[in-house]
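Inside the fold
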Amino acid sequence: MDLLRRCGHFFVPRESNNFRARFLHNHSFGFLISLFLIFQLILSSFLIIEPSVLGFAAQIAPERIIELTNQERAKVGAPALTLNSGLTEAALRKGGDMFAFDYWAHNSPSGRDPWSFFLEVGYRYLYAGENLARDFANPEGVVAAWMASPTHRDNILNPKYREIGVAVIDGTLAGVETTLVVQHFGTPVGEVAQAPERTIIPQAEAKMSVEEVEAEEITLEPVEIEPETRAEVAIPPVVPSMAQATGEGKPLVSPFSLTQTVSLMLLLTVLSLVLVDGLIVYKRKIIRLSGRPLAHTIFLLAMILIILLSRQGAIL
Amino acid sequence: MINKIRNLDQETRHNLIHYSVLVVMMNIAVGAFLFFGFDRIYQMIIVLAAGVGYVLWGIIHHHVNDDLHSKVVVEYILVALLAELIIFSLILRA
């Protein structure tokens, strides 16, 4: 009984807590903020110490990505893309390079652009394009995210492309287990009858970052290049760090899911306390100097909704 | 007594408008967050704007109701800060 009374001090407004649940006092909010920061700090440290436990790896079939891409193209009357082994190899090498040099960008930190991978595998293109995605749970999510972005959608629906290659690769990016999806589009030289003297390719302009965690804006601008730049390039050996089969050695917990669960629990607890507080204050007609419980409820509900609507995955 | 009821009505009406504004603000924030599905920069700006809007709403509301106090402002800032911090962490972990 005494324990209940003591607990009530923290959760129910009464005289002992100046008619406001102790957990809703300003210093308690400060305490919760500190607690959440410590949790994030521990999570980040754990990612460095034990990267195999925390991370994200999904089961995404490249064939399904191609199928969904062609479905989207069919809707606008664009010709279906055919699978090209050279483009698949270029996509695999690009993904392997991203893991090997730890970057999430179209251009590598050393300035290597996506098109060099096309040339590396001997794919001589008239048009070429690249879409990137990471940390999605399924192929539908990947294609839906690309279709929601104007620049990526332009690539998917571009009628100039004839062939496609998709690679899905698991690895570690900035210390986190990640599943990358690399989608390469291309039209080989000689595919279009009236081939121009100069080649036009969609040039992806992206900021370079080694520890990338933010989505970056990509703009596609047609860039003319001299045909000589497509000169034959010797194909180096396969990048060793790439393409482990998906599914094996999957991390146990995704840092995103963990943060989402903890965040929901925390805000739902605060919301429950605010609701109880508001009801008691309203029923007992307590007059006090504090924020409005109804306003806190509206704001917290909106934030909880935002947490629920948050989706994992990034595109570039 | 009639004046008291009239005042109460006015207060209720004021509050109704105030809370409606807050609900609309938060609806816009949630809708915009959904609209900018995978654009993290925009999502962070939206969440930040929602938090700032909420604090400003609190200040204006309490000022109109003649019970604005620094303690109350701090309370709104702390609630907003807690929510913002949580959502920012989530966006950066996505």
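Please refer to the structure higher up on the page.
Bear in mind the structure is a predicted one, so any value in this text is a computation, not a measurement.

1. Notes on the overall build of chain B
Counting its regular elements, chain B contains three helices and zero strands. Listed N to C, the secondary structure of chain B is α-α-α in terms of helices and strands. Burial status across chain B gives 32% buried among its 94 residues. Relative to all contacts within chain B whose residues are 6 or more apart in sequence, the contacts with residues 24 or more apart total 54%.

2. Side note on the environment of V30 of chain B
By the secondary structure assignment, V30 of chain B is in helix 1 (residues 2-35). Judged by the 20 C-beta atoms lying within 10 Å of it, V30 of chain B falls in the buried class. When sequence neighbours within four positions are dropped, the list of residues in contact with V30 of chain B reads A302, L305 and I306 of chain A.

3. Some remarks on the sheet that holds strand 2 (residues 125-134) of chain A
All names here are of chain A. With respect to topology, five strands assemble into an open sheet ordered 1-3-4-2-7, the strand pairing being mixed. Looking at strand neighbours, the two that pair on one side only are strand 1 (82-83) and strand 7 (314-315), the edges of this open sheet. Summarising the sheet, strand 2 and strand 7 pair through two bridges and their orientation is antiparallel. Within strand 7, the position partnered with R134 by the bridge is A314.

4. Here's the deal with the interface of chain B and chain A
Every contact between the two is made by 39 residues of chain B and, on the other side, 42 residues of chain A. Those elements that place two or more of their residues in the side of chain B that touches chain A are helix 1, helix 2 (40-64) and helix 3 (70-93) of chain B. Here the residues of the side of chain B that touches chain A are counted per class, giving 28 nonpolar, five polar and six charged.

5. Observations concerning the pairing of strand 2 of chain A
Residue and element names in this part refer to chain A. For strand 2, the tally of buried residues reaches ten of ten residues, placing the bulk of the element in the interior. As defined by bridge partners, strand 2 adjoins strand 4 (residues 176-188) across nine bridges and the pair is classed as antiparallel. Directly across from E130, in strand 4, lies its bridge partner H184.

6. Regarding the nonpolar core
Among the nonpolar cores identified, the biggest contains 45 residues, and F118, A133, V142, V166 and V181 of chain A are the most heavily contacted of them. For this core, the secondary structure elements donating two or more residues are helix 3 (62-75), helix 4 (85-100), helix 5 (115-120), strand 2, helix 6 (139-148), strand 3 (163-173), strand 4 and strand 7 of chain A. Aside from chain neighbours lying at most four places away, what touches F118 of chain A is A90, Y123, Y125, A128 and G186 of chain A. A21 of chain A together with A29, V30 and A50 of chain B belong to the second largest nonpolar core, which has 36 residues in total.

7. Some thoughts on the packing of helix 2 (residues 26-49) of chain A against helix 3 of chain B
Between helix 2 of chain A and helix 3 of chain B, the least distance of the axes is 9 Å, while the angle of their chain directions is 15°. On the basis of their axis angle, the class for helix 2 of chain A and helix 3 of chain B is roughly parallel. Between helix 2 of chain A and helix 3 of chain B lies a crossing of left-handed hand. Touching N26, F29, G30, L32, I33, F36 and Q40 of chain A of helix 2 of chain A are K71, V74, E75, L78, V79, L81, L82, L85, I86 and S89 of chain B, all from helix 3 of chain B.

8. With respect to helix 9 (residues 293-309) of chain A
Spanning 17 residues, helix 9 of chain A covers 24 Å between terminal C-alpha atoms, matching the ideal 24 Å at 1.5 Å per step. Those residues of helix 9 of chain A lying buried are P293, A295, H296, F299, L300, A302, M303, I304, I306 and I307 of chain A.

What counts and what doesn't
- Residues numbered from 1 in each chain as written.
- Chains lettered and ligands numbered in written order.
- Predicted model: local features only at pLDDT ≥ 70, side-chain atom pairs only at ≥ 80, totals over all residues.
- Helix = DSSP H or I, 4+ residues; strand = E, 2+ residues; numbered from the N terminus.
- Buried ≥ 20, exposed ≤ 12 C-beta atoms within 10 Å, placed from the backbone.
- Contact = placed C-beta atoms within 7 Å.
- Pairing = 2+ DSSP bridges.
- Nonpolar A, V, L, I, M, F, W, Y, C, P; charged D, E, K, R; others polar.
- Core = buried A, V, L, I, M, F, W, Y, C linked by C-beta atoms within 7 Å.
- Axes fitted to C-alpha atoms, helices over the stretch in contact; angles between N-to-C directions.
- Parallel < 35°, antiparallel > 145°, perpendicular 65-115°, else oblique.
- Left-handed = near helix turned anticlockwise from the far one by under 90°.
- Expected span 1.5 Å × (residues − 1).

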